[in-house]
Amino acid sequence: MREDELATRVVEHFRAAFDDVEIHLEEPYDHYGNRGVADVYVRVRTPEPVDYLIELKADAAVRHATGANEILRQYRRMERYFYKDDEHAIRTKLGREGPGVHALLLFAPTRRCVEHVREHAALYESVDPEATVEGVEAVRKVAFLTNLDRAPEGELGFLSLNGPLAFDSVAFREAVPSGSRLADALWGND
């Protein structure tokens, strides 16, 4: 599975799930030499702006990475510097309910990605889900994408690796949609 396939599903999901949405692919940022690219940057209004900064990892990215530390470093760099770039300002809002930023590291539901995550599960599980970005409440999610085929209906989902369910725990296994690509990647055809 390629990263552009994942990006397509993410775009389809946000277009279907929200009426007022801005979507930017490969959105660059630069703050005093701290350069990078967010794979997908989405701003929805519900009615206040809520941003989704998304780093996608498919087979090629996992294969070419030197390890989980490199992937996490790239993800953290995006979170840390994206909003310091003047083009991507986000403001605190009094009375905001819920997070204003969702920083997402999303893995493809493939065997290669599952093997990578299994090998480095402790590192991905250690990412604190609670954060503050430029004074705005944020949520960090490290997850596998699920329901890829239902993205055009706005039903793309994810199964978190840094939430309450430990990877490969009984509860995690029970949360994997049966018959899904993720189930096939985790357990094959057994």
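Residues numbered from 1 in each chain as written. Predicted model: local features only at pLDDT ≥ 70, side-chain atom pairs only at ≥ 80, totals over all residues. Heavy atoms only, no water.

Here's the deal with the overall build of the chain
Convention followed: Each helix corresponds to a stretch of at least 4 residues labelled H or I by DSSP, and each strand to a stretch of at least 2 residues labelled E; elements are numbered beginning at the N terminus. In this setup the radius of gyration rests on C-alpha atoms only. A globule is expected at 2.2 Å times the number of residues raised to 0.38. For every residue, the accessible area (1.4 Å probe, protein chains only) is compared with the maximum for its type, and the residue is labelled buried under 20%, exposed over 50%, or partly exposed between those bounds. A contact between two residues is defined here by any heavy atoms of the two lying within 4.5 Å. A 1.4 Å probe and the Shrake-Rupley method give the accessible areas. Residues count as covered only by the protein chains that appear here.
Summing up its helical and strand segments, the chain has 7 helices and 7 strands in all. Listing the helices and strands of the chain from first to last along the sequence gives α-β-β-β-α-α-β-α-α-β-β-β-α-α. Against the globule reference of 16 Å for 190 residues, the chain gives a C-alpha radius of gyration of 16 Å, in line with a compact fold. With respect to the principal axes defined by its C-alpha atoms, the chain has extents near 50 × 35 × 30 Å. When the 190 residues of the chain are sorted by exposure, 49% land in the buried category. The contacts of the chain with a sequence gap of at least 6 include a subset with a gap of at least 24, amounting to 61%. Total accessible area computed for the chain in this model is approximately 9800 Å², and 44% of it derives from carbon and sulfur atoms.

Some points on the side chain of arginine 140
Along the chain, arginine 140 turns up in strand β6 (residues 136-146). If sequence neighbours within four positions are ignored, arginine 140 has contacts with Tyr75, Arg76, Glu79, Ala103, Val127, Asp128, Pro129, Glu130, Ala131 and Asn162.

Some words on the pattern of salt bridges
Rules: Throughout this description, the term salt bridge denotes a Lys or Arg side-chain nitrogen within 4 Å of a carboxyl oxygen of Asp or Glu.
Tallying each qualifying case throughout the model produces 10 salt bridges. Two residues, arginine 9 and glutamate 12, come together in a salt bridge whose shortest N-O distance is 3.4 Å. Of this pair, arginine 9 and glutamate 12 both sit in helix α1 (residues 3-17), 3 residues apart, roughly one helical turn. Residue classification places glutamate 12 among the partly exposed residues on the basis of a relative accessible area of 25%. Between arginine 181 and aspartate 149 there is a salt bridge; the shortest N-O distance is 3.0 Å. Within this pair, whereas arginine 181 is found in helix α7 (residues 181-187), its partner aspartate 149 is found in the loop between β6 and β7 (157-160), the two being separated by 32 residues in sequence. Judged by its relative accessible area of 35%, arginine 181 falls in the partly exposed class.

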